[in-house]
Amino acid sequence: MFNQSRSYIIRLIFIIAFLIMIVQLFNLQVISSKYQLLAQENAVFKKIVYPPRGIVFDRNRKRLVSNVLMYDLMVTPYEVKNVDTGYLCQLLEIDTAEFKSRMLTAIIKNGRYRPTAFESLLSPEKHARLEENIWRLGSGFYLQDRPVRTFPFGVGAHFMGYIGEVDSAIIARSDGFYQSGDYVGRSGLESYYESVLMGQRGIQYLIKDHRNRLVGSYDNGQLDESAEAGRDLHTYVDAELQQLAEKLMTNKMGAVVAIEPKTGGILAMVSGPNFNPEDLTGASFRKNYGKFVLDVSRPLLNRAIKGQYPPGSTYKPIGGLIALDEGVITPSFGLGCSGRYYGCGHSKPACTHSNPGHARNLRYAIANSCNSYFAHIFRLSLDHPKFGGTKKGYQKWKEYNNAFGLGTRLGIDLPSEDKGSIPDSSVYNKVYRNSWNSCTNLTLGIGQDMMTSTPLQLANAMCLIANKGFYYTPHFVKSIADETKEDTVLNPFRERHDVLTHIPDTAFQTVILGMQDVVEFGTARVAKLPGIDVCAKTGTAENFKIIDGRRVQLKDNSVFVCFAPRDNPKIAIAVIVENAGYGSTWAGPIAALMMEKFLNDTLRAERVKEVERIAGSNLMPGWLPRVQYIEDSTRARYWFNLTNDSSYIKKYLRRVSNAPATPKEKPAPAQKIVRRQNEVILPEKNHLIKKKTAAT
């Protein structure tokens, strides 16, 4: 009985074990796909297919930005086996230490089980070598094709922007939509229109042989997911006008903005110093980006939307319109000016004209750029009794300027636009301890004091005057390919902003005719064009910079604004050239050439020579070498302190006289030089430059 009972138990154990084996086999072969996936991973390679980004066209359907195919060498650290490290290093022209460093970086960045770029955007030579020998490298490495931007005209670096690989912050903000290895727009139109340009990733399944070589599609490609190319952008930009503007701004610091007044479409935008957009694509991206970042002239800065400059006398037509709308003057209002303004008791500001009648009405005051006239009407705007006090009048005046687009962001389709500065009354309350009046900030009326504006804002203000009271938010993109009602990104740029349309056309006509007179017999005669009525205003704005810890007054900025033709304006332009002097000397000729090119589609023979003259003139500020020396030597000192490697500072341990000098008009007094071992010598200089205060 005992043996029989034990026999039944043993049989039951075998039956239960057998049933468990049957159930597990059923699970492995029918229900679970784990081992199928493992087997498939050994034989099938899942390749991400990156779509080409959308193409960007100019107004004449010429390609501003297109795509070219390049390759990344990808690595999945977990799969790396039997790799001939020495041979791979030879193909990539690196050493084994660099190989180990890159592998470690890949593991830290994405873990062992995810593919990471071992070397991005291979040069054609490296790609050819790897394409031929990839099968010899063992498992874990493969080539990933990637569309890369190319620029047929080589223009538009600042407004087009560049693309770069996503980082952890971008992936987190996208809730996982972006994956490691994806590229996104990091600046310019590439960033603003990322959702339109990026397209949709695809997947391709490929079969691997026993040597890890890709030998064809898996299951005839039935499981593949096609990549969808990004949608194209059609812009207002004129490629040839942009080329001309960039040529004219060669070796100059400043900005140019040209806008179509009736639409707000941007025809050209240049920031100087400029660079070729190809410099931030392909294998040379990191090298060039690092070089640009360390350059004190800041070539990566888009001064058209971020440069903040006193507008100087180019502000006077705007001040005139504000005074007209407030009712403090009429077009016939005149002022007796003998060359200086005595209304505040200190005979400032000075004027460039003293002849009788040069400010007998608003039109003449604009034509002769009378500082006294516009300082006075500024005071009238603030002190008008209807506002109940200067400070309230100032706030109303500020509101007008904000409505004009000054002191506020316009909302252009580029990231990182600056708003310039029209100070709030609280700023003056703080600076002057609540004790100030319309004489305190008198020079705001001639575009100085604490007022700053961007070149984009000045060009937009010209559009408002040209349109007699309205403007559209400046923007680059006219339309999107296959645009639908769900595409709302362009809606803000199709809304008309009626700022001063209630002012009679006769009032606008006074300002416009005054600006035409500036061209006909005033300071903007360089902008005359045969058969075309041009309206313009020159400006010469004071320019300061902190150098060696001191506020130095440098050569004035050359400022020029205009639009043409007078009665049916097709283009409005603002030009600023830093440290270049009078507005009519450099900024005016640049604007005139651009107007002629756009309106006539060509340049006269003698004007082509003028292009070469301007393009060949180097107006880069004289302070650049000094400031670059300070930045480089300070950085060298930092690395020396960090590493105790004297090679960083060796070239700076020379006589002070070899260091670039600070810009000056008169020789600085001699200084006693004390040399110290292993220290970076940063000498100080005196900066004594007396300048005039008049704006012309």
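Quick notes on the rules
- Residues numbered from 1 in each chain as written.
- Predicted model: local features only at pLDDT ≥ 70, side-chain atom pairs only at ≥ 80, totals over all residues.
- Heavy atoms only, no water.
- Helix = DSSP H or I, 4+ residues; strand = E, 2+ residues; numbered from the N terminus.
- Buried < 20%, exposed > 50% of the residue type's maximum accessible area, 1.4 Å probe, protein only.
- Contact = heavy atoms within 4.5 Å.
- Areas by Shrake-Rupley, 256 points an atom, 1.4 Å probe, with all protein chains shown as cover.
- Patch = residues over 30% accessible without salt bridge, like charges linked within 9 Å, V, L, I, M, F, W, Y side chains within 5 Å.
- Salt bridge = Lys/Arg side-chain N within 4 Å of Asp/Glu carboxyl O.
- Phe/Tyr/Trp six-rings, centres within 6.5 Å; stacked < 30°, edge-to-face > 60°.
- Lys NZ or Arg CZ within 6 Å of the ring centre and 35° of its normal.
- Disulfide = S-S within 2.5 Å.
- Pairing = 2+ DSSP bridges.
- Axes fitted to C-alpha atoms, helices over the stretch in contact; angles between N-to-C directions.
- Expected span 1.5 Å × (residues − 1).
- 1 Å grid on protein atoms, 1.4 Å probe; cavity = no way out; pocket = protein on both sides within 12 Å on 5 of 7 lines; lining within 4 Å.
- Points joined across faces, edges and corners; volume = space filled by probe spheres on them.
- Nonpolar A, V, L, I, M, F, W, Y, C, P; charged D, E, K, R; others polar.
- Domains from an automatic or database assignment.
- Parallel < 35°, antiparallel > 145°, perpendicular 65-115°, else oblique.
- Left-handed = near helix turned anticlockwise from the far one by under 90°.

1. Re the overall build of the protein
Piece 1. Secondary structure summary: the protein contains 22 helices and 18 strands in total.
Piece 2. A total of 696 residues make up the protein; the buried ones form 52% of that total.
Piece 3. Taking the intrachain contacts of the protein between residues at least 6 apart in sequence as the baseline, contacts between residues at least 24 apart amount to 72%.
Piece 4. Approximately 33,100 Å² of the protein is accessible, and the part contributed by carbon and sulfur atoms is 51%.

2. Structural notes on a nonpolar patch on the surface
Piece 1. A surface patch of nonpolar side chains, amounting to about 480 Å² of accessible area, comprises Ile15, Phe18, Leu19, Ile22 and Leu25.
Piece 2. With respect to the secondary-structure elements, isoleucine 15 resides in helix 1 (residues 2–31).
Piece 3. Given a relative accessible area of 48%, isoleucine 15 falls into the partly exposed group.

3. Section: the pattern of salt bridges
Piece 1. On inspection of all chains with the given rule, the structure shows 29 salt bridges.
Piece 2. Linking glutamate 240 and lysine 62 is a salt bridge whose minimum nitrogen-to-oxygen distance equals 3.0 Å. Here glutamate 240 is found in helix 10 (residues 239–248), whereas its partner lysine 62 is found in the loop between strand 2 (56–57) and strand 3 (63–75), with 178 residues between them in sequence.
Piece 3. Across the salt bridge formed by glutamate 612 and lysine 247, the nearest N and O atoms sit 2.6 Å from each other. A residue pair is termed long-range when its members are at least 10 positions apart, and glutamate 612 in helix 21 (residues 605–615) and lysine 247 in helix 10 qualify at 365 residues.
Piece 4. Since its relative accessible area comes to 35%, lysine 247 is described here as partly exposed.
Piece 5. Shared partners join several salt bridges into a network, and the residues in it are Arg53, Arg149, Glu190 and Glu194.

4. Things to note about the packing of aromatic side chains
Piece 1. The tally for this structure, following the rule as stated, stands at 23 aromatic pairs.
Piece 2. Ring plane angle 35 degrees and centroid distance 5.5 Å describe the contact between tyrosine 394 and tryptophan 397, whose orientation is recorded as tilted. You can see tyrosine 394 and its partner tryptophan 397 sitting in helix 16 (residues 390–403), 3 residues apart, about one turn around the helix. Of the two residues examined, tyrosine 394 and tryptophan 397, each falls in the buried class.
Piece 3. Taken together, the aromatic side chains of Tyr315, Phe378, Tyr394, Trp397, Tyr428, Tyr432 and Trp436 make up a single cluster linked through ring pairs.
Piece 4. Over the aromatic face of phenylalanine 118 sits the side chain of arginine 102, whose NZ or CZ is 5.5 Å from the ring centroid.

5. With respect to the state of the cysteines
Piece 1. Considering all chains together, one arrives at 1 disulfide under this definition.
Piece 2. Shown here is the disulfide that connects cysteine 344 with cysteine 439, its sulfur atoms set 2.0 Å apart. On the S-S bond that ties cysteine 344 to cysteine 439, the torsion sits near -85 degrees, and the link is left-handed. Taken as a pair, cysteine 344 in the loop between helix 13 (316–326) and helix 14 (362–367) and cysteine 439 in the loop between helix 17 (425–431) and helix 18 (455–466) lie far apart in primary sequence, 95 residues in all.
Piece 3. Taking relative accessible area as the criterion, cysteine 344 reaches 17% and is therefore assigned buried.
Piece 4. Distance from the sulfur of cysteine 351, which forms no disulfide, to the nearest cysteine sulfur (cysteine 337) is 3.6 Å.
Piece 5. Of all cysteine sulfurs, the one in cysteine 562 lies closest to cysteine 535, which takes part in no disulfide; the gap is 9.3 Å.

6. Focus: the pairing of strand 17 (residues 550–564)
Piece 1. Across the 15 residues that make up strand 17, a large majority, 12, are buried.
Piece 2. Direction of pairing for strand 16 (residues 535–547) relative to strand 17: antiparallel, over a ladder of 12 bridges. Its bridge partner being in strand 17, threonine 538 is matched across the sheet by phenylalanine 560.

7. Topic: the sheet that holds strand 17
Piece 1. Spatially, 5 strands are ordered 12-11-18-17-16 in an open sheet, and the strand pairing comes out antiparallel. At either end of the open sheet lies a strand with only one pairing partner, and these are strand 12 (265–272) and strand 16. Ignoring which end each strand starts from, the neighbouring axes of this sheet average 10 degrees apart.
Piece 2. As defined by bridge partners, strand 11 (residues 254–260) adjoins strand 18 (residues 571–577) across 6 bridges and the pair is classed as antiparallel. The residue of strand 18 that forms the bridge with isoleucine 259 is alanine 572.
Piece 3. Here helix 19 (residues 505–521) sits on the sheet and contacts strand 16 and strand 17; the angle it forms with strand 16, its principal contact strand, is near 75 degrees.

8. A short note on helix 18
Piece 1. In a regular helix each residue adds 1.5 Å, so 12 residues correspond to 16 Å; helix 18 covers 17 Å between its end C-alpha atoms and thus fits that length.
Piece 2. Every buried residue belonging to helix 18 is among Pro455, Leu456, Gln457, Leu458, Ala459, Asn460, Ala461, Met462, Cys463, Leu464, Ile465 and Ala466, and all of these are buried.
Piece 3. Residue lysine 468 follows helix 18 closely and has a positive phi angle near 60 degrees.

9. Observations concerning empty space enclosed by the protein
Piece 1. In the structure shown here, the tally under the stated rule is 5 cavities of 30 Å³ or more.
Piece 2. Approximately 200 Å³ is the volume found for the largest cavity.
Piece 3. Tyr50, Pro51, Tyr183, Met198 and Arg201 are, among the 15 residues lining the largest cavity, the residues nearest its centre.
Piece 4. Here the lining of the largest cavity is built from residues that sort into 8 nonpolar, 2 polar and 5 charged.
Piece 5. Estimated volume of the second largest cavity: approximately 70 Å³.
Piece 6. What lines the second largest cavity is simply Arg149, Phe151, Ala157, Gly161, Tyr162, Ile163, Glu190, Phe275, Pro277, Leu280 and Thr281.
Piece 7. In terms of residue class, the lining of the second largest cavity is made up of 7 nonpolar, 2 polar and 2 charged.
Piece 8. When residues are assigned to domains, the lining of the second largest cavity turns out to be shared by domain 2 (47–235) and domain 3 (240–616), each giving three or more.

10. A word on the packing of helix 10 against helix 20 (residues 587–600)
Piece 1. At their nearest, the axes of helix 10 and helix 20 sit 10 Å apart, and the two run at 160 degrees to each other. One element, helix 10, and the other, helix 20, form an angle in the roughly antiparallel class. The way helix 10 lies across helix 20 gives a crossing that is right-handed. When helix 10 is examined against helix 20, the residues Glu240, Leu241, Leu244, Ala245 and Leu248 are found in contact with a partner set consisting of Ile590, Leu593, Met594, Lys597 and Phe598.
Piece 2. Residue composition of the contact of helix 10 with helix 20, by class: 8 nonpolar, no polar and 2 charged.

Shape descriptors only; they carry no functional weight alone.
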